[in-house]
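Single-letter residue listing:
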Amino acid sequence: MRKLFFSESTCKETKLHSAPHPWLPLERGKLSKFSGHAGGSSIDSLMKMQEPAVLPHFKPADYVDILAQIHEELESCPPDGKSCLYLLQFQVFRGLGEAKLSRRSLQSAWEKASTIHEKLIFGAWLKYEKKGEEAISDLLGSCGKCSQEFRLLDFVSQVTTESYEMSCDDESDEFRGSAVVHFRIRDDMIACDRRKLAALSTPLYVMLNGGFRESYLQVIDMSQNGISPIGMRAISKFSLSGRLPYLSADAILEMLDFANKFCCKGLKDACERKLASFVCTRQDAIEFMECALELGCSILAASCLQVLLNELPECLNDEQVVRIFSCTNKQQRLTMAGNASFSLYCLLSEVSMRANPTSDVTVSFLEKLVESASDSRQKQLALHQLACTRLIMKEYAEAERLFNAAFSAGHLYSVVGLARLASLRGNKHFALKLLDSVMSSRWPLGWMYQERALYLDGDSKLENLNKATELDPTLTYPYMFRAASLMKRQSVEAALMEINRILGFKLVLECLELRFCCYLALEDYRAALCDVQAILTLDPDYRMIGGRVTAKQLRMLVLESVEQWTTADCWMQLYDRWSSVDDIGSLSVIYQMLESDAAKGVLYFRQSLLLLRLNCPEAAMRSLQLARQHAASDHERLVYEGWILYDTGHCEEGLQKAEASIAIQRSFEAFFLKAYALADSSIDPSTSATVVSLLEDALRCPSDRLRKGQALNNLGSVYVDCSKLDLAAECYINALKIGHTRAHQGLARVHFLRNNRTGAYEEMTKLIEKARNNASAYEKRSEYCDRELTKADLQMVTKLDPLRVYPYRYRAAGKQAFCTEYLVYYMTTCAVDNHKEKEAIAELTKAIAFKADLNLLHLRAAFHEHIGDISSALRDCRAALSVDPNHQEMLELHHRVNSQEP
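Below or above, wherever it landed, is the structure these notes cover. The shown structure was predicted, so the numbers you read here are calculated from the model rather than taken from an experiment.

Turning our eyes to something else, we now look at the sheet that holds strand β4 (residues 188-193). Each strand in a sheet pairs with its neighbour through backbone hydrogen bonds, running either in the same direction (parallel) or in the opposite one (antiparallel). Pairing in this open sheet of three strands is mixed, and the strands run β4-β3-β5 from one edge to the other. Every other strand in the sheet has two partners, leaving β4 and β5 (219-221) as the edge strands with one partner each. In this sheet, adjacent strand axes meet at a mean angle of 30° when their direction is disregarded. Across six bridges, strand β3 (residues 180-185) lies against β4 in antiparallel orientation. The partner of V180 across the bridge, within β4, is D193. Along the sheet, helix α10 (residues 229-241) contacts β3 and β4; its crossing angle with β4, the most-contacted strand, is approximately 10°.

With that settled, consider the packing of aromatic side chains. Within the structure shown, the criterion is met by 19 aromatic pairs. Here the aromatic rings of F90 and W125 are separated by 5.2 Å at their centres, their planes lie at 75°, and the arrangement is edge-to-face. Within this pair, whereas F90 is found in helix α4 (residues 82-95), its partner W125 is found in helix α6 (residues 116-129), the two being separated by 35 residues in sequence. According to the relative accessible area criterion, F90 is buried, its value standing at 3%. Accessibility expressed as a relative area gives 0% for W125, which makes it buried. Grouped by ring-pair contacts, the aromatic residues F605, Y640, W643, Y646, F668, F672 and Y676 constitute a single cluster. Above the plane of the ring of Y808 lies R811, whose end atom (NZ or CZ) is 5.2 Å from the centre.

Side-chain alternation along β3 places V181, F183 and I185 on a buried face and V180, H182 and R184 on a face that remains uncovered. Counting the residues in the hairpin turn of β3 and β4 gives two residues, including R186, whose phi is positive at 55°. As paired strands, β3 and β5 are joined by three bridges and run parallel to one another. Along β5, the bridge assignment pairs R184 with D221.

Here the focus is helix α14 (residues 298-309). Compared with the 16 Å implied by 1.5 Å per residue over twelve residues, the 16 Å span of α14 between its first and last C-alpha is a close match. Here α14 lies mainly inside the structure; eleven of its twelve residues are buried. Taken together, the buried positions of α14 are I299, L300, A301, A302, S303, C304, L305, Q306, V307, L308 and L309.

What follows concerns the state of the cysteines. In this structure the tally under the stated criterion is zero disulfides. Cysteine C297 remains unbridged, with the sulfur of C291 as its closest cysteine sulfur at 5.7 Å. The class of C297 is buried, set by a relative accessible area of 0%.

Next up on the list: the environment of E311. Structurally, the position occupied by E311 is in the loop between α14 and α15 (319-326). Under the relative-accessibility criterion, E311 is labelled partly exposed at 24%. Separated by 29 residues in the primary sequence, E311 and R282 place their C-alpha atoms 8.1 Å from one another. A polar atom in the side chain of E311 sits 2.8 Å from the side chain of R282.

Once that is clear, we can look at the pattern of salt bridges. Scanning the entire structure with this criterion turns up 45 salt bridges. Connected through shared salt-bridge partners, R628, D634, R637, E641 and K657 make up one network.

Membership of the largest hydrophobic core comes to 281 residues, with the highest contact counts inside it found for F183, M232, F258, L267, L309 and F325. Residues A760, I768, L794 and Y810 belong to the second largest nonpolar core, which totals 14 residues.

Positionally, P245 belongs in the loop between α10 and α11 (249-261). Put simply, P245 and K274 are 29 residues apart on the chain and 9.9 Å apart in space, counted from C-alpha to C-alpha.

Thresholds applied
Residues numbered from 1 in each chain as written. Predicted model: local features only at pLDDT ≥ 70, side-chain atom pairs only at ≥ 80, totals over all residues. Heavy atoms only, no water. Pairing = 2+ DSSP bridges. Helix = DSSP H or I, 4+ residues; strand = E, 2+ residues; numbered from the N terminus. Axes fitted to C-alpha atoms, helices over the stretch in contact; angles between N-to-C directions. Contact = heavy atoms within 4.5 Å. Phe/Tyr/Trp six-rings, centres within 6.5 Å; stacked < 30°, edge-to-face > 60°. Buried < 20%, exposed > 50% of the residue type's maximum accessible area, 1.4 Å probe, protein only. Lys NZ or Arg CZ within 6 Å of the ring centre and 35° of its normal. Expected span 1.5 Å × (residues − 1). Disulfide = S-S within 2.5 Å. Polar contact = N/O pair within 3.5 Å; in protein donor to acceptor, adjacent residues only side chain to side chain. Salt bridge = Lys/Arg side-chain N within 4 Å of Asp/Glu carboxyl O. Core = buried A, V, L, I, M, F, W, Y, C linked by side-chain atoms within 4.5 Å.

Structure (structure tokens):
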């Protein structure tokens, strides 16, 4: 095959993107083809890898302890403190990379908001996080249901109107002057009721009935007080009725200024509310916010704030908006955001950092965040984030001061920043000393060894990286460094095996890029094309080679070196890869098919299914929305809308869409969606018959083998649940005949229920042999063999996918329990060896260190309770309930353990 070359235009681009590693050599516009015989200079370029980033997240050394503290505080704190605690919980989960849990915490912060400011800030944050999901709100609206986070709050009507009127309106009060007082404003005279006007505020009362000259005057000149005749007449009417007449915004602003000068709280409140209704656009919000901050008008400021936050992130490109948020003092922040200033600047900093972490805007917001922090944990987060920004900006002295402050406040992870700064000064010995002091004071974590490895060389470096992977197999850098090192030693196949270790359980774009390089070195351009097309599926704008070249350009270059597939070839390849459970390969084929004139709606839908299997929910939703846009008919579009609603937790509305699609035309996908949603939403055993009927209807409709195999597999599962094993076996066998490889697992279950463990084991072995991603198959097979084989299978599961928690639970339970509930029963009825229990706790602790999992925490809590360590048990219970607040068994264990605490 011919070599690949970059054109001059290809290499002129220098804009950096998320790809941090310049692995591919670029020399005078040429992409060298490196293989096992490539020159050293080409391979050396692979080693030019940037160090792992200092993450700007809240990363407590013991997240379990922090989650437990938060849960305990949530149990006892007043309502006005809950949102701040949920915000902290959000930050913890985000630092752990738990996107789903962090989103739920943000939702809880919004739901538990006790003030208007908190409600609008967290509502805006949710809307920002769900950017691109506005279509879901529209779909819910079509089903008669509203998504509240996307709606602007009509909070003015929710704010209680206080009574500000003074007691001087009592008729027994004697007024020195006449009952009517006239105010001259240039050539106009406005008559006012002296008593009513005096009742608006103490200053007016003193002026109109005190020792001042105005108390005796019938005409008072107000020409120099900034009020127009229209405004003064409106004030007079307000003093009589308590209501504002309809006026322009300018007139109400005059009245607001008058109210502020003369301390008329009731009038000021009414003017604020009226002006709030005028705030519709960003420019309105900018103009009125300046007035609100100057005059201390919190209701008006909140109305303006809502409009501005509703336009995130776009509004931060407006210098006027940035100035409002950046130049406020403490009192103005109180006016604008009440006691939610920290939450506000958390949001603004988050948005700005994503756009440009080194901009002056980001720095300004982070400085306000530091000023707004009110407790130690808030200060740790704010100081660390600002320090990370200063580090990126190469302001090393200020970064060191901030990292030191965060570290001193208790944020242990900030030692990473201090170590990097020491290394930049050429003092790697001091960087190691810093890390060693931290590691000697507590149980070391994976990131500590990863960081330590950066300041070592040779075998010591690799030893620390291996230890980092052992303690936290989710860390990406160690795999990439080991793979690059193997490439340098011209062991390309070994490098490929190393990078496949992490890609087997965690889809990381940078790792796909490195594997792309390995395939180029092996001259396997078809495999390289597969990876670059998978990259483009996940991020269409991804840039490679240190950000210098777009992935699309590289794809076009590689594409020239492979044999072109016809549409029929693509379908055959898709069947083969889908059957072999090669999800990344299937993604690549679909990407290529989308360039043809094939039915794009169907292909985008298949793409979304694969992305869900690969644990890429955001990309999956993007594909599902593209499927909706490219639907060839109304009934097809309704199916995709149903899946969008179902995947976002709106099961009933998803069912409605399926039924609407069936009403137009009976189709496989409509019946399949209805069956799937109904099976998931109903616990009524009688529903099974309906689900069976719907799946049979689906199978009678035209579709391809891929989808019919899935339907047969699902139908078999329903039959197993109904104990109809013969019918289930028939479904699974028919699914296997048309290439649905996963049906081996269902058939194995049937064998097991027929007391044929050997048949079940053999069936799962077939799946393991066929499936490219087979960690789950090993896990399932472990249930059908003796203890030694079970142990070997579960060791293989942990090797292939260390994020699967069942093997840790099994090993911790001493090969006795297949579920947490059984273990709890076992420990309460049997004598368990104390030494073994400590080993079990250590096994669970190893996994908990890098994965916040309910079942692991539940099991460890049960072990702690059994050995009498009630405080540790209670801590694990509280942390587990942070992960799932409604888990019934966990709630029961928490109640029991809590009652034992002294």
